[in-house]
Amino acid sequence: MKKYLKETQILDYNHPSIQRIVNQRYWKDFDTIFRIKAIYNYVRDEIKFAYESHSTSSSSQVILNGYGDNNTKSILLMSFLRAVGVPTRVHGFIVSKSLMASVPKDIWYKVLPNKFRHSLVEIYVESDWYILEGIMLDKDYLDGLTKVYNEPECENLFLGLKASQEDIDFENLKVNPLLKKSIIKQEYILEDLGVFESPDKFYFQYPKQGNTIKNFFFKNLVRHLLNKQIDKIRKQ
């Protein structure tokens, strides 16, 4: 298990900004399940959802930014968990942009890259590996979505997911099937890339691909416009 607890360039959990939060929240004083739940909730709700320019930001950079997307929030989740002694690994996928249905489908959605690298965090607890999914969208953004869209529309926004965040039951890890299987619907998974001991190895083996021009516009223009929309919805 030692390799799943190692600090890496991306999982820089000995950085003062990471250690400060771990100590301020007293996470090491809790039992294992409560540690996992507290860290999960912190990353999901206190690190706001927004599109990043780089999927390979270090965990300390995510803290500095104060926001993240699925991949960078997964990095932060892994870093915190390793900092408190919970082994973690990455499960990598290539997914269709249809999974990003939680962003309003306007002209900017249309120019998103057609496929993305997507990562899930797996944790080793109680002698088995489990998936922690659903950290991307913070509660304030989810609440805003329910105010902007009616119920059928809101359900369509999450058509890529089988279940909501609340379906992860931390009290019954052994019997909860959602922690043994991704909540991403199979039709949105273009390729299962397998598991990796760290995000460093995942992103080294699978560097960012796609249309260079489209990636440039996404990084320098589109993501900023999308993030403005996201923030506007969050403030509803």
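Residues numbered from 1 in each chain as written. Predicted model: local features only at pLDDT ≥ 70, side-chain atom pairs only at ≥ 80, totals over all residues. Heavy atoms only, no water.

Concerning unusual backbone geometry
Glycine aside, residues mostly have negative phi, and peptide bonds are mostly found in the trans state.
Now for step 1: In this model, Tyr26 sits at a positive phi of 55 degrees, which is unusual for a non-glycine residue.
Now for step 2: Secondary-structure assignment places Tyr26 in the loop between α1 (16-24) and α2 (32-46).
Now for step 3: For Tyr26, a relative accessible area of 53% corresponds to the exposed category.
Now for step 4: Even without glycine at this site, Glu126 takes up a positive phi of about 55 degrees.
Now for step 5: Position of Glu126 among the secondary structure elements: in the loop between β4 (115-125) and β5 (128-132).
Now for step 6: A relative accessible area of 40% means that Glu126 is categorised as partly exposed. (Helix = DSSP H or I, 4+ residues; strand = E, 2+ residues; numbered from the N terminus. Buried < 20%, exposed > 50% of the residue type's maximum accessible area, 1.4 Å probe, protein only.)

Overview of α1
Note on helix geometry: an α-helix contains 3.6 residues per turn, so any two residues three or four positions apart are oriented the same way.
Now for step 1: Taken together, the buried positions of α1 are occupied by Ser17, Ile18, Gln19, Ile21 and Val22.
Now for step 2: Turning to α1, the residues buried within the fold contact α2, α3 (59-65) and α4 (70-83). (Contact = heavy atoms within 4.5 Å.)

Thoughts on the sheet that holds strand β6 (residues 189-196)
Now for step 1: Spatial ordering of the open sheet is given by β5-β4-β3-β6, a layout of four strands whose pairing is antiparallel. In this open sheet, the two strands that pair with only one neighbour each are β5 and β6. On average, adjacent strands in this sheet sit at an angle of 30 degrees to one another, irrespective of strand direction.
Now for step 2: In the packing of α2 onto the sheet, contacts are made with β4 and β5, and the angle to β4 comes to roughly 155 degrees.
Now for step 3: Against the sheet, α4 touches β3 (88-96), β4 and β5, its axis set at about 20 degrees to β4. (Pairing = 2+ DSSP bridges. Axes fitted to C-alpha atoms, helices over the stretch in contact; angles between N-to-C directions.)

Quick look at the packing of aromatic side chains
Now for step 1: For the structure on display, the rule yields 12 aromatic pairs.
Now for step 2: Arranged with centres 5.3 Å apart and planes meeting at 65 degrees, the rings of Phe49 and Tyr51 form a pair that is edge-to-face.
Now for step 3: Classification of Tyr51 as buried rests on a relative accessible area of 4%.
Now for step 4: Where Phe202 meets Tyr206, the ring centres are 6.2 Å apart and the plane angle is 50 degrees; that geometry is what we call tilted.
Now for step 5: The exposure class of Phe202 is buried, given its relative accessible area of 0%.
Now for step 6: Judged by relative accessible area, which is 24%, Tyr206 ranks as partly exposed.
Now for step 7: Cluster of aromatic residues (ring-pair linked, three or more members): Phe196, Phe202, Tyr203 and Tyr206. (Phe/Tyr/Trp six-rings, centres within 6.5 Å; stacked < 30°, edge-to-face > 60°.)

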